[in-house]
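# A structural walkthrough
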Amino acid sequence: MIKAIFFDAAGILYTRSVPTEKFALDLLQKKGFPTEISPVQYSQLLTLKTQASQGLIDHKTYWDHFLLMRGVFDSQLRKDFSSAFINFSNEVQPIPGVRESLMGLKQKGFLLGIITDTMYPVEWKMRRLEKVGVSELIDIVACSTDLGAHKPDPAVYLYALKQANLQKNESAFVGHLSIELNGAQGAGMITIAINHDPEAIADYYCNSILDLLDLPILQRFHEDVTETREVN
């Protein structure tokens, strides 16, 4: 019986007008800087992004290297670009129906949490959730920068389960990226895909976050809680 539902954050609870790195590249191009880098540099940048998401380096270091690789050698200009990128990353919009869906799930008695990868402090993540109107509905936060690991590492999912004091089969993970859904399945969680990759494999699929309210497997806990209250 599912007692807790964990969500990916970006792409499931909130979105942006474009991905942050697209915004960054578009801005660089607009200012006359090259946007292409070599395969070796691209590999190095991926490594740095992984390190940033694990809290091994900070987001400023990542963006500094991102800009140096594209010819932005003036330190003040790099700071200005980085500030623009960070400000944009915090400009999030709610996924349609997100508050209604999470409120409905909370009323059914579920614990709600996020399992999220980010290079930024967890406090920033919570401010984004506050901006889209759901922060007070979140009970548990598993954030990569705090844990030193990122999805699909089982440690991230298992940390969330430990915080909820639940067994693997008592939880569901809602996501959209194949690699993250696979990670949740590997950790023993029920998986639910929304706005997902074409090749994503999950236990259940929904067209929108509002569909969670009608998903049969998410009715059972509510029914069992109601019956218990009636007996008591």
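In short, a report on the structure.

## Here's the deal with the overall build of the protein
The secondary structure content of the protein amounts to 10 helices and eight strands. A compact globule built from 232 residues should have a C-alpha radius of gyration of about 17 Å, and the protein, at 19 Å, falls within 12% of that. Each of the three principal axes of the protein carries a C-alpha extent, and together these read 70 × 30 × 30 Å. With 232 residues in all, the protein has 47% of them scored as buried. Taking all contacts inside the protein whose residues are at least 6 apart in sequence as the whole, residues at least 24 apart take part in 66%. As presented, the protein carries roughly 11,400 Å² of accessible surface, and 52% of it is formed by carbon and sulfur atoms. Distance from the positive charge centre (22 side chains) to the negative charge centre (28 side chains) of the protein: 6 Å.

## As for the nonpolar core
Counting residues in hydrophobic clusters, the biggest one holds 31 residues, and the most contacted among them are F7, L102, I209, L212 and L218. Ranked by the residues each element gives to this core, the list is headed by helix 5 (residues 98-107), at three residues. Apart from residues lying up to four places away in sequence, F7 is in contact with I12, L13, L102, L105, L112, G113, I114, I115, F173, V174, I209 and L212.

## A closer look at the packing of helix 3 (residues 59-68) against helix 4 (residues 75-89)
Put simply, helix 3 and helix 4 touch, their axes get as near as 10 Å, and they point 120° apart. In terms of their interaxial angle, helix 3 and helix 4 are classed as oblique. Once helix 3 is placed against helix 4, the crossing between them reads as right-handed. In this structure, helix 3 uses H59, W63, D64, F66, L67 and L68 to contact helix 4, whose residues at the interface are R78, F81, S82, F85 and I86. Looking at the contact of helix 3 with helix 4 residue by residue, the class counts come to seven nonpolar, two polar and two charged.

## Details of the pattern of salt bridges
All chains considered together, the criterion is met by nine salt bridges. A salt bridge links R78 to D64, with the shortest nitrogen-to-oxygen separation between them at 2.7 Å. One end of the pair, R78, is in helix 4; the other, D64, is in helix 3, and 14 residues separate them in sequence. Salt-bridge contacts for R99 lead to E136; the nearest nitrogen and oxygen are separated by 2.6 Å. With R99 in helix 5 and E136 in the loop between helix 6 (122-131) and strand 5 (140-143), this pair connects stretches of sequence that are 37 residues apart.

## Brief notes about the packing of helix 1 (residues 20-30) against helix 3
Across the interface, helix 1 lies against helix 3 with an axial gap of 12 Å and an inter-helix angle of 40°. In terms of their interaxial angle, helix 1 and helix 3 are classed as oblique. When you trace helix 1 past helix 3, the crossing you get is right-handed. Where helix 1 approaches helix 3, its residues T20, E21, A24, L25 and L28 are matched on the opposing element by Y62, W63, F66 and L67. Residue composition of the contact of helix 1 with helix 3, grouped by class: seven nonpolar, one polar and one charged.

## Re unusual backbone geometry
Cis geometry is adopted by the peptide bond preceding P152, which originates at K151 and carries an omega value of 15°. Its location among the elements puts P152 in the loop between helix 7 (144-147) and helix 8 (154-164). Backbone geometry at N195 places phi at a positive 45°, although glycine is not the residue there. Mapping N195 onto the fold places it in the loop between strand 7 (190-194) and strand 8 (204-206).

Rules behind the numbers
Residues numbered from 1 in each chain as written. Predicted model: local features only at pLDDT ≥ 70, side-chain atom pairs only at ≥ 80, totals over all residues. Heavy atoms only, no water. Helix = DSSP H or I, 4+ residues; strand = E, 2+ residues; numbered from the N terminus. Rg over C-alpha atoms; globule rule 2.2 N^0.38 Å. Buried < 20%, exposed > 50% of the residue type's maximum accessible area, 1.4 Å probe, protein only. Contact = heavy atoms within 4.5 Å. Areas by Shrake-Rupley, 256 points an atom, 1.4 Å probe, with all protein chains shown as cover. Lys, Arg positive; Asp, Glu negative; His and termini not counted. Charge placed at Lys NZ, Arg CZ, Asp CG, Glu CD. Core = buried A, V, L, I, M, F, W, Y, C linked by side-chain atoms within 4.5 Å. Axes fitted to C-alpha atoms, helices over the stretch in contact; angles between N-to-C directions. Parallel < 35°, antiparallel > 145°, perpendicular 65-115°, else oblique. Left-handed = near helix turned anticlockwise from the far one by under 90°. Nonpolar A, V, L, I, M, F, W, Y, C, P; charged D, E, K, R; others polar. Salt bridge = Lys/Arg side-chain N within 4 Å of Asp/Glu carboxyl O.

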